[in-house]
Amino acid sequence: MNYNFYGVDTVYLAKKYGTPLYVMSEDYIIERCEEIKKDFLNKYENTFAVYAGKAFNTKTMCRIIAKEGLGLDVVSGGELFTALSVNFPSQKIIFHGNNKSLDELTLAIDNNVGRIVVDNISELEQIIELSKLKSKITKILFRITPGVDSHTHSYISTGDINSKFGISLNEEILYKAIKIATDSEFINLAGFHFHVGSQLDNNDSHLKATTILLNTMQKAKNDLNFTTKELNVGGGFGIKYADSNNRKNISYFTDAIMELIKTGTNDKNLDMPLVIIEPGRWIVGESGITIYEIGNIKNAPGLSTYAGINGGMPDNPRPALYQAKYEALIANKSNIEKNEIVTIAGKCCESGDILIKDLEVPQVKKGDLLVVKSTGAYNYSMSNNYNKLPIPAVVMIKNGEDRIIVKRQSYEEMINREI
Ligand SMILES: Cc1ncc(COP(=O)(O)O)c(C=O)c1O
Ligand SMILES: N[C@@H](CCCC[NH3+])C(=O)O
């Protein structure tokens, strides 16, 4: 029996579009957006949810998010340009990044993005200058380094005290930033943002960081008479991979955060701010699979059996970068007993290009199709042309129907920028 993904036979998809192939379910993405609306946006007043596009940002994805009514987090001119190209409502865009260029800030301000998250004082000064030049008032949030460790891979932990992201909680630095912003007639400092890390399966670090920010809000009010109107608690909510628990409902994170902010602001006599969340992976991660074809198989007595696939670290750098663990199966043998252990090897000239170590499979042979699960986030968006492998196509499934949303890159497209 063939493996069926959201009503579509994956073997049929592989034949129709070729492999490697990213396949995503729009039904799944919409389900997550609806869950956010029901259990966060409609449940609590004065809330806003943005999808963190770094997980998967394409024109189609921007259209889906716009249709669902969520906002969008972008982190570069390229992501912003993609959103603007499909008329994503710019007021619902939040622009992040620790080193935005002048061109990127100009693009954002010219297009009236809703909020720019300011990462440091030198960026603040640049935004003031630009806003003055354009005679515009720019709404900003300060990204704060809350000094909280999160239980995730160090490369995707972002809230610790020595992080490259954000303005330090050191009073001298933060107060200086607040004063510069509030003194400027071209800036509307709405509040604060933190993002503690990614692929978190519990709410500990969000709650710790929220508690820290509530104290900051109180001190800023007492010492500088600054009222925090917005608090953006970031994203980072985890999903199911081979080595992690099942994805938790959004309310597991948001109910606890909202409760803490409500009681905290009440106890401290602060106004309840607009609360913003920014999930990326949680919305798209499990919506995606990748289909590969198995090629050569290397066997040696007493040693690993390697099954080579026609992709690898260029289409999914996560195992090599973060030792990420994926679940996978053989699409054309999905109901056959598993009696073999193979290691799935990518095709790059790197010993580290191993997608999955010791995967239990039915007996595999050349031409079988491998489906790797939970590849919707940070796969296509992190793909590259290492070893000059073309970037795979992306197919979207909705109501059992498949359509191409990103064409497969050709060799010509890969080299046509080269002189
Ligand atoms: C500022 C910010 N917001 C949101 C996200 C989204 O993260 P995730 O995909 O883990 O939800 C990230 C990335 O970790 C981020 O840096
Ligand atoms: N690229 C990382 C997530 C980065 C999150 C952005 N701050 C991953 O694949 O897990």
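Keep in mind that what you see is a predicted model, and the values were worked out from it rather than measured.

Engineer: Could you clarify how one ought to interpret the overall build of the chain in this entry?
Structural biologist: When its secondary structure is counted, the chain shows 12 helices and 20 strands. On the principal axes, the C-alpha backbone points of the chain span a range of 70 × 50 × 40 Å. Buried residues in the chain amount to 56% of all 419 residues. Put simply, the chain has 47 plus and 50 minus side-chain charges, and the middle of one group is 3 Å from the middle of the other.

Engineer: I keep staring at the site of ligand 1 and nothing clicks. Help me out?
Structural biologist: His-195, Ser-198, Gly-236, Glu-278 and Tyr-378 are the nearest of the 15 residues found near ligand 1. One nitrogen or oxygen atom from the side chain of His-195 is found 2.6 Å from an oxygen atom belonging to ligand 1. In the model, an oxygen atom of ligand 1 is placed 2.8 Å from a nitrogen or oxygen of the Gly-236 main chain. For ligand 1, whose accessible area on its own is 390 Å², the fraction buried by protein is 93%. Among the residues forming the shell around ligand 1, the class breakdown is three nonpolar, seven polar and five charged.

Engineer: Quick question: what am I supposed to make of helix H6 (residues 121-133) here?
Structural biologist: Each turn of an α-helix holds 3.6 residues, which means side chains three or four residues apart point in the same direction. An ideal rise of 1.5 Å per residue puts 18 Å on 13 residues; H6 measures up with 18 Å between its terminal C-alpha atoms. Along its buried surface, H6 packs onto helix H5 (102-110), strand S7 (115-118), strand S8 (138-145), helix H7 (171-183) and strand S10 (187-193).

Engineer: Please explain the packing of helix H2 (residues 26-41) against helix H3 (residues 59-68) as it appears in this structure.
Structural biologist: A pair of packed helices can be characterised by two numbers: the angle between their axes and the separation between those axes. Relative to each other, H2 and H3 sit at 35°, their axes nearing to 10 Å. You can see that H2 and H3 cross each other, and the crossing is right-handed. Contact residues: Glu-26, Ile-29, Ile-30, Cys-33, Glu-34 and Lys-37 in H2; Met-61, Ile-64, Ile-65 and Glu-68 in H3. A per-class count over the contact of H2 with H3 returns six nonpolar, no polar and four charged.

Engineer: Help me out: how do you make sense of the pattern of salt bridges in this one?
Structural biologist: One side chain can pair with another of opposite charge once the charged atoms of both are near each other. What the rule picks out here adds up to 19 salt bridges. Two residues, Lys-16 and Asp-402, come together in a salt bridge whose shortest N-O distance is 2.8 Å. Separated by 386 residues along the polypeptide, Lys-16 in helix H1 (residues 10-17) and Asp-402 in strand S20 (residues 401-406) bring together distant segments of the chain. Relative accessible area serves as the criterion here: at 46%, Lys-16 is assigned to the partly exposed category. A salt bridge links Glu-68 to Lys-37, with the shortest nitrogen-to-oxygen separation between them at 3.1 Å. Placement of the pair is Glu-68 in helix H3 and Lys-37 in helix H2, with a sequence separation of 31 residues. The two residues Glu-68 and Lys-37 agree in class, both being buried. One network of salt bridges, in which partners are shared, links Glu-26, Lys-398 and Arg-403.

Engineer: I keep staring at the site of ligand 2 and nothing clicks. Help me out?
Structural biologist: The environment of ligand 2 is formed by Lys-54, Ile-156, Ser-198, Arg-281, Arg-318, Tyr-322, Tyr-378 and Met-382. A distance of 2.6 Å is found between an oxygen atom of ligand 2 and a side-chain nitrogen or oxygen belonging to Arg-318. The separation between a nitrogen atom of ligand 2 and a polar side-chain atom of Tyr-322 is 2.8 Å. Considered on its own, ligand 2 offers 320 Å² of accessible surface; in the complex 83% of this is hidden by protein.

Engineer: Can you walk me through the side chain of Ser-205 in this structure?
Structural biologist: Secondary-structure assignment places Ser-205 in helix H8 (residues 204-224). Those residues in contact with Ser-205 that sit more than four places away from it in its chain are Val-148, Asp-149, Ser-150, Val-196 and Leu-200.

Engineer: Explanation requested: the pairing of S20 in the structure shown.
Structural biologist: A regular strand places its side chains so that they alternate between the two faces of the sheet. In this structure, strand S19 (residues 393-398) lies alongside S20, joined through five bridges in antiparallel fashion. When the sheet's bridge partners are listed, Ile-397 is paired in S20 with Asp-402. Taking the residues between adjacent antiparallel strands as the criterion, S19 and S20 are bridged by two residues, where Asn-399 takes a positive phi near 50°.

Engineer: What should I look at first to understand the packing of aromatic side chains in this one?
Structural biologist: Any aromatic ring pair is given by two values, namely how distant the centres are and how the planes are angled relative to each other. Per the counting criterion, the structure on display carries nine aromatic pairs. Between Tyr-252 and Phe-253, the ring centres sit 4.9 Å apart and the planes meet at 80°, which makes this aromatic pair edge-to-face. According to the relative accessible area criterion, Tyr-252 is partly exposed, its value standing at 29%. Classification of Phe-253 as buried rests on a relative accessible area of 0%. Connected via pairs of aromatic rings, a cluster forms that spans Phe-5, Tyr-6 and Tyr-28. Residue placement shows Arg-32 over the ring face of Tyr-28; its charged tip is 4.8 Å from the ring centre. The ring of Trp-282 is capped by Arg-32, whose NZ or CZ atom sits 5.4 Å from the centre of that ring.

Engineer: Hey, could you run me through the side chain of Thr-19 in this one?
Structural biologist: Note on placement: Thr-19 falls in the loop between H1 and strand S3 (21-25). One polar contact links Thr-19 to Asn-310, side chain to side chain, over a distance of 2.8 Å. With residues near it in sequence (within four places) discarded, Thr-19 still touches Ala-14, Ile-291, Tyr-292, Glu-293, Asn-310, Leu-369 and Arg-408.

What counts and how
- Residues numbered from 1 in each chain as written.
- Chains lettered and ligands numbered in written order.
- Predicted model: local features only at pLDDT ≥ 70, side-chain atom pairs only at ≥ 80, totals over all residues.
- Heavy atoms only, no water.
- Helix = DSSP H or I, 4+ residues; strand = E, 2+ residues; numbered from the N terminus.
- Buried < 20%, exposed > 50% of the residue type's maximum accessible area, 1.4 Å probe, protein only.
- Lys, Arg positive; Asp, Glu negative; His and termini not counted.
- Charge placed at Lys NZ, Arg CZ, Asp CG, Glu CD.
- Near = heavy atom within 4 Å.
- Polar contact = N/O pair within 3.5 Å; in protein donor to acceptor, adjacent residues only side chain to side chain.
- Areas by Shrake-Rupley, 256 points an atom, 1.4 Å probe, with all protein chains shown as cover.
- Nonpolar A, V, L, I, M, F, W, Y, C, P; charged D, E, K, R; others polar.
- Expected span 1.5 Å × (residues − 1).
- Contact = heavy atoms within 4.5 Å.
- Axes fitted to C-alpha atoms, helices over the stretch in contact; angles between N-to-C directions.
- Left-handed = near helix turned anticlockwise from the far one by under 90°.
- Salt bridge = Lys/Arg side-chain N within 4 Å of Asp/Glu carboxyl O.
- Pairing = 2+ DSSP bridges.
- Phe/Tyr/Trp six-rings, centres within 6.5 Å; stacked < 30°, edge-to-face > 60°.
- Lys NZ or Arg CZ within 6 Å of the ring centre and 35° of its normal.

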